[in-house]
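Descriptive analysis of the structure
Each chain, letter by letter, is given below.
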Amino acid sequence: MPVSVQTGGNDYLKAPVNEAFTLEQSVARWKNDAESGERKLTAPAFYLSLQSVPEEGALLANALLKAEGQKLALLPEGQAALRRGDEVTLQSPAGSRRVVSYEISGLGFAPDTIWLDPNGAFFASVSNWSSFILEGWESSVPQLLDLQSKRANARIQENARALTRTPKGPLAIVNANLFDSQTGQSVPGSTVLIEGNRIKAVGADGKVAIPAGAERIDARGRALLPGLADMHVHIGDNEGIQHLAAGVTMVRDMANDADTLLDAKRRIEAGEEMGPRIFMSGIMEGPGPFAGPTKVLIDNEAQAREAVDNYAKLGFQGVKIYSSIKPELVPVIAKLAHEKRLHVGGHVPANMTARQFIEAGADEMQHINFVFLNFFFDEVKDTRTPARFTTVAQRASKLDLNSTEVRSFVQLMKDKRVSLDPTVTILYTMFTRQPGTVGPGYAPIASRLPPQIRRSLLTGGLPIPKGSEQQYQASADALLQMIKLLYDSGITLVAGTDNLPGFTLHRELEMYVQAGISAPDTLRIATLNGAKVLGRDAELGSIAPGKFADLILVDGDPARRISDIRNTDLVVKDGKVYEVEALYRSIGVLPR
């Protein structure tokens, strides 16, 4: 068991990290920028650093190997358990080495895997997003990933069999308060008849012919809505179930490894994994020291053409331009993508304004901060550093939203029919979060989450200079004011999160209402607007005959109180039925 741990450095947003743990005479003490505590131990317990590094997982695995029943209490709270996984002998230019995987549960929504050598020393921690491995063994990452994926997929497939229910015949949902996303109206006393994976009929109770032997679900006046759409995700292992449990039946992945994403999509469509419908936008990044984590690096027109052609061939719906793309390549990429009927969006690249990005052919912008950066180009020309956040936090509230410059930009967005995916929750939280407290966005659900996930909600904000708290709060509020201005000006908004699956979308919708958008219009943004931007509104986004049977049953009325959207009880996706409590229990989330 570690008796002393010291961690220093900076986090992703360049906030300082200072963390310490000691264990002396059975007294454990810990302190970091968000927590401090002390406990007299009467039994072994392991402190996992709030800002941990992969090697710490190896220490925990070794402690668990020697613990009774391979279970161990965690500090400040929780319990970890260990299960041995695969053993494999690897070959590389560095030689031959036998390694063993161990799955540690209790840290998150699914087990974490760590690879150790025969002596118990750290060897690797790998994922599709980032990997850490001993130098000289980099070529072994794909093999380790494949072994991990096979075990995870077997676990996920077993879950899908246990928690997915396919009605034996027609399914009728009666006595529902149906939300019509096309009109924004709620229609109490409604019946929806589903046959297979399509909606067969919609009408008033008693007016829809329900076949003999059909299964009936009495909504008891609860709200029945189209499934929600999260238009900005980076779907990872085990995240499909998190989306589904929150009522999210459709997502747009905005950057991922193409092979990994296509495999996840295939598994979900085959019923081997639970999750939402996946639509895909393929990332395109420029080479260099700031390049994002992707193999698709574009430095000239030929490379752009090859990437666009490949994404189109693979069935992607769009491309996402990232921050290191050369500005002169943006119109080239947009033209190539449009020729293939692909949607174009993304970050505004370095040394380019949002106006130039739109004029070069972008159909959509991601993240509300890039709208503000259009007016702060004098200070932030390179959008690849934390200045894309800090400058907005310092200046957003001082921007005159009635100025000619702002109004001209908004008119450009309208004229070019450019939509916006604000992801305002993550930015608002970033500007206002105080270390050691769970912000209002996650406070309603924090107590339900696994302990280590709950702890992670205590960190992550920008380092706010002393005395600037009020300015940062005012700028956070300015983000909402800009969203309301864009909405009132006729700009199409879609709801995206780029954060914790499911729960963050609920907060995103609350933020739109806080901005001044009505609850019914906010629900339309989260359903029909997403389908329209994807060009799939003929089949998705509303409850109507002929459309896919993607619906959610909510205890309450989110068209009147948007926060009721957190109370989803039942999800129907592609005609299959899911009980929300059971979904959450399977990933360690307590019922509401």
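Residues numbered from 1 in each chain as written. Predicted model: local features only at pLDDT ≥ 70, side-chain atom pairs only at ≥ 80, totals over all residues. Heavy atoms only, no water.

Section: the overall build of the protein
Our working definition: Under the scheme used here, helices are H or I runs from DSSP no shorter than 4 residues and strands are E runs no shorter than 2 residues, and both carry numbers assigned from the N terminus. For this measure, only C-alpha atoms enter the radius of gyration; the expected value for a globule follows 2.2 Å times N^0.38, where N is the number of residues. Any residue under 20% of the maximum accessible area for its type is buried, any over 50% is exposed, and the rest in between are partly exposed; the area is computed with a 1.4 Å probe on protein chains only. What makes two residues a contact is simply this: any of their non-hydrogen atoms within 4.5 Å.
Regarding its fold elements, the protein presents 16 helices and 26 strands. Radius of gyration (C-alpha) of the protein: 25 Å, near the 25 Å computed for a compact globule of 592 residues. For the protein, the residues scored as buried account for 56% of the 592 residues in total. A separation of at least 24 residues holds for 63% of the contacts in the protein among residues at least 6 apart in sequence.

Details of the sheet that holds strand E8 (residues 95–105)
Operational definition: If DSSP finds at least two bridges between two strands, the strands pair. Fitted lines through C-alpha atoms give the axes, limited to the stretch in contact for helices. The angle between two N-to-C directions lies from 0 to 180 degrees.
The strand order E5-E6-E7-E8-E9-E10-E11 describes an open sheet built from seven strands, whose pairing is mixed. Single-partner strands in this sheet number two, and they are strand E5 (45–47) and strand E11 (132–133). In this sheet, strand E9 (residues 112–116) lies alongside E8 in antiparallel orientation, the contact comprising five bridges. Looking at E9, one finds that isoleucine 104 is bridged to aspartate 112. Packed on one face of the sheet, helix H1 (residues 54–66) meets E5, strand E6 (71–75), strand E7 (79–92), E8, E9, strand E10 (122–125) and E11 and runs near 85° to E9. Sitting on the sheet, helix H2 (residues 141–163) touches E7, E8, E9, E10 and E11, and the angle it makes with E7 is about 140°.

Some thoughts on the packing of aromatic side chains
Condition: Planes of paired rings set the category: under 30 degrees apart is stacked, over 60 is edge-to-face and the rest tilted, where pairs are Phe, Tyr or Trp rings (Trp by its six-membered ring) whose centres lie within 6.5 Å.
Counted by the stated rule, this structure contains six aromatic pairs. Ring centres 5.6 Å apart and planes at 80° place the aromatic pair phenylalanine 375 and phenylalanine 409 in the edge-to-face group. Of this pair, phenylalanine 375 sits in the loop between helix H8 (368–373) and helix H9 (387–395) while phenylalanine 409 is found in helix H10 (residues 404–415), placing the two residues 34 residues apart along the sequence. Accessibility expressed as a relative area gives 10% for phenylalanine 375, which makes it buried. The class of phenylalanine 409 is buried, set by a relative accessible area of 1%. With centroids separated by 5.4 Å and ring planes inclined at 10°, the aromatic side chains of phenylalanine 503 and tyrosine 584 adopt a geometry described as stacked. Highlighted residues: phenylalanine 503 in helix H14 (residues 503–515) and tyrosine 584 in helix H16 (residues 580–586), separated in sequence by 81 residues. Each member of the pair, phenylalanine 503 together with tyrosine 584, is buried.

With respect to the packing of helix H11 (residues 424–432) against H14
We count it as follows: For this classification, under 35 degrees means roughly parallel, over 145 means roughly antiparallel, 65 to 115 means roughly perpendicular, and everything else is oblique. Asp, Glu, Lys and Arg are counted as charged, while Ala, Val, Leu, Ile, Met, Phe, Trp, Tyr, Cys and Pro are counted as nonpolar; the rest, among them Gly, fall into the polar class.
Close contact between H11 and H14 brings their axes to 8 Å; oriented N to C, the two are set at 80°. It follows that H11 is roughly perpendicular to H14 by the angle criterion. Residue-level contacts link Val424, Thr425 and Tyr428 of H11 to Thr504, Arg507, Glu508, Met511, Tyr512 and Gln514 of H14. Here the residues of the contact of H11 with H14 sort into four nonpolar, three polar and two charged.

Let's talk about the environment of alanine 212
Relative to the helices and strands, alanine 212 is located in the loop between strand E14 (198–204) and strand E15 (215–218). For alanine 212, a relative accessible area of 83% translates into the label exposed. Alanine 212 sits 75 residues away from tryptophan 137 along the chain, and the two C-alpha atoms are 63 Å apart.

Topic: unusual backbone geometry
The amide bond that connects leucine 75 to the next residue, proline 76, takes the cis arrangement and shows omega of 5°. With respect to the helices and strands, proline 76 occurs in the loop between E6 and E7. The phi dihedral of glutamine 25 is positive, around 50°, even though this residue is not glycine. Even without being glycine, histidine 367 reaches a positive phi, approximately 75°.

Some thoughts on the sheet that holds strand E4 (residues 36–40)
Across the sheet, which stays open at both edges, the four strands sit in the order E1-E2-E3-E4 with antiparallel pairing between neighbours. In this open sheet, the two strands that pair with only one neighbour each are strand E1 (4–10) and E4. Ignoring strand direction, the axes of neighbouring strands in this sheet form an average angle of 5°. Relative to strand E3 (residues 27–31), strand E2 (residues 16–24) runs antiparallel, the two sharing five bridges. Across the sheet, residue alanine 20 finds its bridge partner in E3, namely lysine 31.

Describing helix H13 (residues 469–488)
For an α-helix, the turn length of 3.6 residues means that residues three or four places apart are oriented alike. Filter applied, for reference: Each residue after the first adds 1.5 Å to the expected span of a helix.
End to end, H13 covers 29 Å across 20 residues, agreeing with the expected 28 Å (1.5 Å per residue, within 8%). Turning to H13, its buried residues are Tyr472, Ser475, Ala476, Ala478, Leu479, Leu480, Met482, Ile483, Leu485 and Leu486. Looking at the buried side of H13, the elements it contacts are H8, H9, H10, strand E23 (419–421), H11 and H14.

Considering the pairing of E3
In regular strands, side chains alternate between the two faces of the sheet. The turn linking E2 back onto E3 is made up of two residues, and glutamine 25 within it adopts a positive phi angle of 50°. As judged from the five bridges shared by E3 and E4, these two strands associate in the antiparallel manner. When the sheet's bridge partners are listed, valine 27 is paired in E4 with lysine 40. Taking the residues between adjacent antiparallel strands as the criterion, E3 and E4 are bridged by four residues.

Focus on the pattern of salt bridges
Selection criterion: By definition, a salt bridge exists where a carboxyl oxygen of Asp or Glu is found within 4 Å of a side-chain nitrogen of Lys or Arg.
Under the counting rule described, the total for this entry stands at 36 salt bridges. Taking the shortest distance from any N to any O, the salt bridge between arginine 252 and glutamate 364 comes out at 2.7 Å. One end of the pair, arginine 252, is in strand E18 (residues 248–253); the other, glutamate 364, is in strand E22 (residues 364–366), with 112 residues separating them in the sequence. This pair shows no difference in class: arginine 252 is buried, exactly as glutamate 364 is. In the salt-bridge network here, residues are joined through shared partners; they are Asp263, Arg266, Arg267, Glu272 and Glu273.

Details of the packing of H9 against H11
How we decide: By definition, turning the near helix anticlockwise from the far helix through less than a right angle yields a left-handed crossing, and turning it clockwise yields a right-handed one.
At a minimum axis separation of 11 Å, H9 and H11 run at an interaxial angle of 70°. Classed by the angle they form, the pair H9 and H11 counts as roughly perpendicular. Classified by chirality, the crossing of H11 by H9 is right-handed. Residue-level contacts link Phe389, Val392 and Ala393 of H9 to Leu427, Met430 and Phe431 of H11. When the residues that make up the contact of H9 with H11 are grouped by side-chain class, the tally is six nonpolar, no polar and no charged.

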